Amino acid sequence: MELILNYLAYFGIAIVLLGAGIVLFEITTKVKEFELISKGNKAASLVLTGKILGLSVVLYSSISNSVSIYDLILWGAIAIITQIAAYYLAELLLPKFNIHNAINQDNQAVGLFLLALSVAIGLIVAGCLTY
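Since we're looking at a predicted model, the values are computed, not measured.

Overall, the coordinates contain one cavity of 30 Å³ or more when judged by the stated rule. Approximately 90 Å³ is the volume attributed to the largest cavity. Lining the largest cavity we find Phe25, Lys51, Gln83, Ala86, Tyr87, Ala90, Leu114, Leu117, Ser118 and Ile121. Classifying every residue of the lining of the largest cavity gives seven nonpolar, two polar and one charged.

This is the structure:
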């Protein structure tokens, strides 16, 4: 019974962290993916997919390497913050195009690039979360 309760606790906390990460991305970045997706913007859908996958990868690593629920919460929060910071860094390092404008204009090439970048950063952060 204790194993099931641990599983449910880790799963529940991970889902809350994932939701918090998505919300934090939405309120801290210029691109409002949910609004754009509701209008049929495929580039925004690609970007949001990348963010979700990137966050999921870092949360997976946080779960598999944590020694307690508190450890999961701490490293999960650090991983989410790192993912958001990496998104801002990408925007600074990509002066050839304005990410915000490109996604608003449904530039799917930029959306796909950001999807891949989010997953790649997620994998790097996940690797850093190992003991």
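This is not the end of the story, as more comes after the structure.
Turning to the nonpolar core, a few remarks are in order. Among the nonpolar cores identified, the biggest contains 22 residues, and Leu55, Tyr87, Ile103 and Leu114 are the most heavily contacted of them. For this core, the secondary structure elements donating two or more residues are helix H1 (2-28), helix H3 (42-65), helix H4 (69-93), helix H5 (99-104) and helix H6 (108-128). Ranked by residues supplied to this core, first place goes to H3 with six residues. Setting aside residues no more than four positions away along its own chain, Tyr87 makes contact with Phe25, Thr29, Val31, Val47, Lys51, Ile99 and Leu114.

Moving on, we come to H6. With 21 residues, H6 should reach 30 Å at 1.5 Å per residue; the first-to-last C-alpha distance of 30 Å fits that figure. Every buried residue belonging to H6 is among Val110, Gly111, Leu114, Leu115, Ser118, Gly122, Val125 and Ala126, and all of these are buried. Down the axis of H6, the buried side of the element spans an arc of 145°, and every buried residue falls inside it. Across from the buried face of H6, at angles greater than 90 degrees, the exposed residues are Ala109, Leu112, Leu123 and Ile124. One side-chain oxygen at the N-terminal end of H6 lies 3.1 Å from the backbone nitrogen of Ala109; it belongs to Asn107.

About the criteria used
Note on numbering: residues in each chain are counted from 1, in written sequence order. For a predicted model such as this one, the threshold for reporting local features is a pLDDT of at least 70, and the threshold for listing and counting side-chain atom pairs is 80 or more; totals across whole chains, interfaces and linings nevertheless cover every residue. Excluding hydrogens and water, the side-chain values take into account all heavy atoms of the structure. Definitions used for this entry: grid spacing 1 Å over protein atoms alone; cavity, a set of points where a 1.4 Å probe fits but cannot get out; pocket, an open set with protein on both sides within 12 Å along at least 5 of 7 lines; lining residue, one with an atom within 4 Å of a point. Grid points are joined across faces, edges and corners, and a volume is the space filled by probe spheres set on the points. Side-chain classes are defined by residue name, with Ala, Val, Leu, Ile, Met, Phe, Trp, Tyr, Cys and Pro counting as nonpolar, Asp, Glu, Lys and Arg as charged, and the others, Gly among them, as polar. For our purposes a nonpolar core is just a set of buried Ala, Val, Leu, Ile, Met, Phe, Trp, Tyr and Cys residues, chained together by side-chain atoms within 4.5 Å. Partly exposed describes any residue whose relative accessible area lies between the buried limit of under 20% and the exposed limit of over 50%, with all areas from a 1.4 Å probe on protein chains only and scaled to the type maximum. Per the convention used, a helix needs a DSSP run of H or I reaching at least four residues, while a strand needs a run of E reaching at least two, with both numbered from the N terminus. Any two residues whose heavy atoms approach within 4.5 Å are treated as being in contact. Here a helix's expected span is defined as the number of its residues, less one, multiplied by 1.5 Å. This arc describes the spread of directions from the helix axis toward the C-beta atoms. Under this definition, polar contacts are N or O atom pairs within 3.5 Å; protein pairs additionally need one hydrogen-donor-capable and one acceptor-capable atom, and for neighbouring residues in sequence, both atoms have to be side-chain atoms.

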